[in-house]
Amino acid sequence: MKDKGNKNKQKQKQPSEPPKAQQRRQFITNTGCEQVGVLLFFILAWLWASWWMGDVMRIAYERSFFAADATLMHWLAQKSFGWLWIIGRALLTLYHWPVVGGLLVAVLLTLGSWFTGYCLRLPSKFCWLKYFPAAAWMLWTADVGLNLYYMREPGRILGVPFLVVVILGAWAILSKVLSRRHSLSAERENKLSWISIIGQAVIIPLCFAMPMLHLQRTHRYMRPLTHMQVQLLHNDYEGMNRTAHEHPDLCNRHVAGYYAIALARTGKLAEQLFDIRLEFDTIRAYGYDGLPNQCLKYHIVDCNYHAGLYRAARHYVMEALTVDGPSLYALKYLAKIALLDSDLVLARKYFGIIRKAPFEGEFIRKYEPMAAHPELVQADPEFAAVLKAAPYRHSFEQFFLKPGFLGYYSSLKDFKTKEALEWSTVACLYGKRMPDFLQRCSQFQDSALPKSIAEGLALQAVKQPELLQIFPQLELVVNRLDFFLNDASPYTQDKERGAVELFERYKGFYPYYYYFGNINNTHKPSEEELGHNNAGVN
Amino acid sequence: MDKALLYLRCTVLIAAVAMLVCCSSRPSSLPSAFTEVSDSAAIYPDYRDVTIPPNIAPMNFMVIDTVADAFVADLGGVICGASADGKIDIDSTEWRSLLQEQRGKSFNVSVYAHRPQGWVRHPAFAIYVANENIDSYVTYRLIEPGYELYMQLGIYQRNLTNFDVATVYENHRDISPGESHCINCHKFQANNAERMYLHVRENHKGTVVTNGTEAHKILIKHDSIIASGAYGNWNPKLPIVAYSTNKTAQVFHYNFNEKIEVFDGESDLLLYDADRNEVSHIIRTPDHFETFPCWSADGTRLYYCDARLPKFEAQIFEAGLVARYDSLFYDIWSMPFDTVTYSFGPPQLEVDASSMNLSASEPIASPDGRFLLYSLARCGQFHLYHRDADLWLKDLQEGTCYPLAETNSKEGDSYSSWSSNSRWIVFSSRREDNDYTRSYIAYIDANGQGHKAFLLPQRDPEYNLLLLKSFNVPELSRNAIPLGQEQMSHVILFTDAELATYKGHVARSNSGNP
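Residues numbered from 1 in each chain as written. Chains lettered and ligands numbered in written order. Predicted model: local features only at pLDDT ≥ 70, side-chain atom pairs only at ≥ 80, totals over all residues.

*Asks:* Lay out the overall build of chain A in plain terms, naming residues and giving numbers.
*Replies:* Of the regular secondary structure elements, chain A holds 30 helices and one strand. Within the span of chain A, comprising 538 residues, buried residues form 47% of the whole. Taking all contacts inside chain A whose residues are at least 6 apart in sequence as the whole, residues at least 24 apart take part in 67%. (Helix = DSSP H or I, 4+ residues; strand = E, 2+ residues; numbered from the N terminus. Buried ≥ 20, exposed ≤ 12 C-beta atoms within 10 Å, placed from the backbone. Contact = placed C-beta atoms within 7 Å.)

Right, here's the structure in full:
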């Protein structure tokens, strides 16, 4: 309203100016520049929040839970700042659709910036300073990596900016009401300041470039990892495989875990497991206690579930529920595992809770009918695959190697399916447990050898040439092995350099992994990381 | 200002209209015209044909009918309406009058549902009102169902005559390293909440022992004691507690219809003197597992469970034990206790479960001295996780043992507590969904017959469906715990535990293992 008033005054002062020139003049003012800057910031913020961070936030939404129900939110409401985290979680639900969630973030950031400028009464030439708080928040989201939502309250992601916007908004309204002279003079607004233009032209792109670069530098795995998780939500295993292959040099335990799920689901575990770098870079993340933590349980539920160890998945997801409170991720798994366990009443309980969360109708429509018609469980491709891979003898989780997933298969000795034999053999290759590997290979004599298994056998044939007679199909692999051994010989004393220099040529070739892969895997999970703290019988 | 006033008026108007709409969708009288239908109304919780105490809180329930948009329930003349959510919220004053009128009798409940074609009435069901009250309070722990970690735990005391819940103690809501502690196993002396104990594990560990509004924290620890006291029971007459001391572990089943097995690798029995802060061994045996001690009503006999360590060959003891977990069969034994000399007599077998390849656990004697209530399952002593666990009663006068057939369910029914008049029990059951333990109440008549159990009523009948925690260790008491939450917190968090003096073995008039 003020702006209009000022413009009207200008019109009265310059009646002779042609209308077009007048319009152009009005536009090329600091106000106009600022408006363009705000618009540009909004568009970039929307792009950043929906495209660049869309998958990250989508997974944050899955690891969060909000329902407009006092019983369900009671545990959170009683925590310090619980009301704020509830608001934050409510806002995060819009990330069910990243474009919509991104729009909300863009609105929050833009409003926050506008209010900042208004409340601080920034001179026009320094108007670009108002974007700094938003930039700081974006930088924070990039800096915390997995701790954005894992082992930390997900409600703070949007709860804090929401609170800031509300406070600034209240401040702005109070300023407006209490101080009628707050608006800047028309003269100041209309003086074109090159500092302002340059400042905005530089600062606005920098606001987004900085967090993007920072995320790429410190948590490069975040976007591929969360992208694979989103693909897993849609059972897009081929897509997960593609995502991993698009970043073959990027690997940590989490990415490797999801990659293995994709391969297991598409029957390519023995063909492609070693296609990506399996070096397991240390990630920068912190546990509940504030100490560095590799977040080893981040992906263990997904891995165990898809390896058929749904009881072990239940164990860990129940622990996540206990420590972090309800999340959609945990509740959905608990519902699905209850269906697999034929605990139909229990499944209905979880569906009843999930139904209270907004936007989860699709999940309910897909799975809830199975609680009334258990025969649908067997017919569902995902469940059928999990049940097919599930252990068929009674045993205890404690009897198998940790972590579950391939650890379980590496200690299997009898197999009910061809897949179980293949997974177990590949698990031995992955663990470089060659005697165990050879034991399992005897069962492949009459069938075609999967790629990695053939390569592992060829490697063993160097020490045991008789293998070439048992498996004549190894001849082709042996030729490549000779080349590899020749190329690898200079690096016997410097495996790290060899790992880097030979990677492009030999990625996916098992002997490369055997000699150069997983060599920095020195991190051994502590008792605490394995979850033995707070242990007790409940 | 004018605009603000206008907005305010609009808001009030909208709210009033919304309230009117809401109220109008909740009928307040019986429909004048309806059709009888033969199918029973689907209600939650299942309160059909249950026997209830005359002092119980309103038994609100919800009708599950996705077609109907309104409901009316006629509870012996008390009319309650419900909107589409089907939640019947009974007026507490009318409910109390109804129960006093029907004490020793029964009343019918008719449910009417408004479907698109008009009102229908489902067949009525009965609710029986016993003559005897139940103890007014039940104290329980809320915890996620099973698994190894804990976070936000609380012990709460619920007033059974209404819906009031008082927090006895909550550990922590936020994760704070060095502060994490587990709380469990609370127990009252003879249903009197003036005297109780409460265990704290990990940080701030110890056992809080209260006497009225006084409380102190003690620690049972000695080289010869396996661990601090676990399952315990107050002598009803003396300031002493019999504890088991257990080395407990849990394992997770693969490919089995149960999820978890909890077993002991070792266990013995202790006697703790609360006045002197002294502890001594009652039984200490390497090849027998003794646990779940419980005093008789007059305090002159101690019941307990005992299992012989099964034979196995394994390099690792625990691994061998896990492999033979289903060979651990507990019997219930008892020993006479001299209340003057504090000595025990020779043990005698009370419940011979092992001879049937079954296992008896969690014995609890009725305050009138007539019955011994226990749980029976295929193996082990932690029957919470055993789907086949049932409640059994031993008639101590007749010497007969029998299941509480009407009270039990297909799923696990276990840990129980008697009301001080011996007519009511509250127990843990997983009957609803085989995962979340809930507290059920059942009437035990003078002949020792158990009646159909009912779920602890809640103001919102949907509460149990939404709660992601189990009700653990329900204990009945006649009165409220006099100690406030702040006092309890102070004792747990800010006082040092006094180490109990170890006094060796309690005298035995005829020593030896059962």
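*Asks:* An account of the packing of helix α12 (residues 222-233) of chain A against helix α13 (residues 237-246) of chain A is requested, with residue identities and associated values reported.
*Replies:* Residue and element names in this part refer to chain A. Relative to each other, α12 and α13 sit at 170 degrees, their axes nearing to 8 Å. Compared by their axis directions, α12 and α13 come out roughly antiparallel. Across from Pro224, His227, Met228, Gln231 and Leu232 in α12, the residues of α13 making contact are Gly239, Met240, Thr243 and Ala244. Split into classes, the residues belonging to the contact of α12 with α13 amount to five nonpolar, four polar and no charged. (Axes fitted to C-alpha atoms, helices over the stretch in contact; angles between N-to-C directions. Parallel < 35°, antiparallel > 145°, perpendicular 65-115°, else oblique. Nonpolar A, V, L, I, M, F, W, Y, C, P; charged D, E, K, R; others polar.)

*Asks:* Residue-level account of the interface of chain B and chain A, with values.
*Replies:* How large an interface is tends to be reported as the accessible area lost when its parts come together. At the interface, 37 residues of chain B touch 38 residues of chain A. Elements with a contribution of two residues or more to the side of chain B that touches chain A: β19 (240-254) and α4 (463-466) of chain B. Sort the elements by how many residues they give to the side of chain B that touches chain A and β19 of chain B lands first, with six residues. In terms of residue class, the side of chain B that touches chain A is made up of 19 nonpolar, eight polar and ten charged. In this structure, strand β1 (residues 395-396) of chain A lies alongside β19 of chain B, joined through two bridges in antiparallel fashion. What sits directly across from serine 395 of chain A, in β19 of chain B, is tyrosine 254 of chain B. (Pairing = 2+ DSSP bridges.)

*Asks:* Go over helix α8 (residues 132-143) of chain A with me, naming the residues and quoting the values.
*Replies:* Residue and element names in this part refer to chain A. With twelve residues, α8 should cover 16 Å at 1.5 Å per step; its first-to-last C-alpha distance of 16 Å lies within 8% of that length. Taken as a whole, α8 has its buried residues at Ala134, Ala135, Trp137, Met138, Thr141 and Ala142. Viewed end-on, α8 has its buried residues packed into an arc of 160 degrees, placing them on one side of the element. With its phi angle positive at about 60 degrees, glycine 145 sits one or two positions after the end of α8. (Expected span 1.5 Å × (residues − 1). Arc of directions from axis to C-beta.)

*Asks:* Break down the domain arrangement of chain B for me, with residues and values.
*Replies:* Residue and element names in this part refer to chain B. For chain B, the domain assignment lists domain 1 (25-129) and domain 2 (137-502). Those elements that place two or more of their residues in the side of domain 1 that touches domain 2 are β3 (50-52) and β4 (61-63). Tallying contributions element by element places β3 first for the side of domain 1 that touches domain 2, with three residues. Across the side of domain 1 that touches domain 2, the residue classes tally to twelve nonpolar, four polar and two charged. (Domains from an automatic or database assignment.)

*Asks:* Which residues make up the sheet that holds strand β12 (residues 154-159) of chain B, and what values do they have?
*Replies:* Residues and elements named next belong to chain B. Here we have four strands laid out as an open sheet, ordered β13-β12-β11-β35, and antiparallel in their pairing. Bordering the open sheet on either side are β13 (165-170) and β35 (470-477), each of which pairs with just one other strand. Across this sheet, the average inter-strand angle for adjacent strands is 25 degrees, counted without regard to direction. Relative to β12, strand β11 (residues 137-143) runs antiparallel, the two being bridged by six bridges. Its bridge partner being in β12, valine 138 is matched across the sheet by arginine 158.

*Asks:* I'd like to hear about α13 of chain A, residue by residue, with values.
*Replies:* All names here are of chain A. Here α13 has its buried residues at Tyr237, Met240, Asn241, Thr243 and Ala244. End-on view of α13: buried residues confined to an arc of 160 degrees, all on one side of the axis. In this fold, the buried residues of α13 make contact with α12 and α14 (253-266).

*Asks:* So what's going on with the nonpolar core? Residues and values would help.
*Replies:* Counting 154 residues, the largest nonpolar core has Ala60, Tyr259, Ala313, Val317, Ala335 and Tyr350 of chain A as the members making the most contacts within it. Ranked by residues supplied to this core, first place goes to helix α18 (residues 328-340) of chain A with eleven residues. In contact with tyrosine 350 of chain A, other than residues within four places in its own chain, are Leu331, Leu334, Ala335 and Ala338 of chain A. Counting residues in hydrophobic clusters, the runner-up holds 140 residues, among them Ala41, Ile56, Phe289 and Cys294 of chain B. (Core = buried A, V, L, I, M, F, W, Y, C linked by C-beta atoms within 7 Å.)

*Asks:* Report on unusual backbone geometry, specifying residues and quantitative values.
*Replies:* Of note, the bond from tyrosine 44 of chain B into proline 45 of chain B is cis; its omega dihedral lies within 30 degrees of zero at -5 degrees. Position of proline 45 of chain B relative to the elements: it lies in the loop between β2 (43-44) and β3. Look at methionine 151 of chain A: it is not a glycine, yet its phi comes out positive at around 60 degrees. In this structure methionine 151 of chain A comes out as buried when scored by C-beta crowding, with 20 C-beta atoms within 10 Å. Despite not being glycine, lysine 432 of chain A shows a phi value in the positive range, around 55 degrees.

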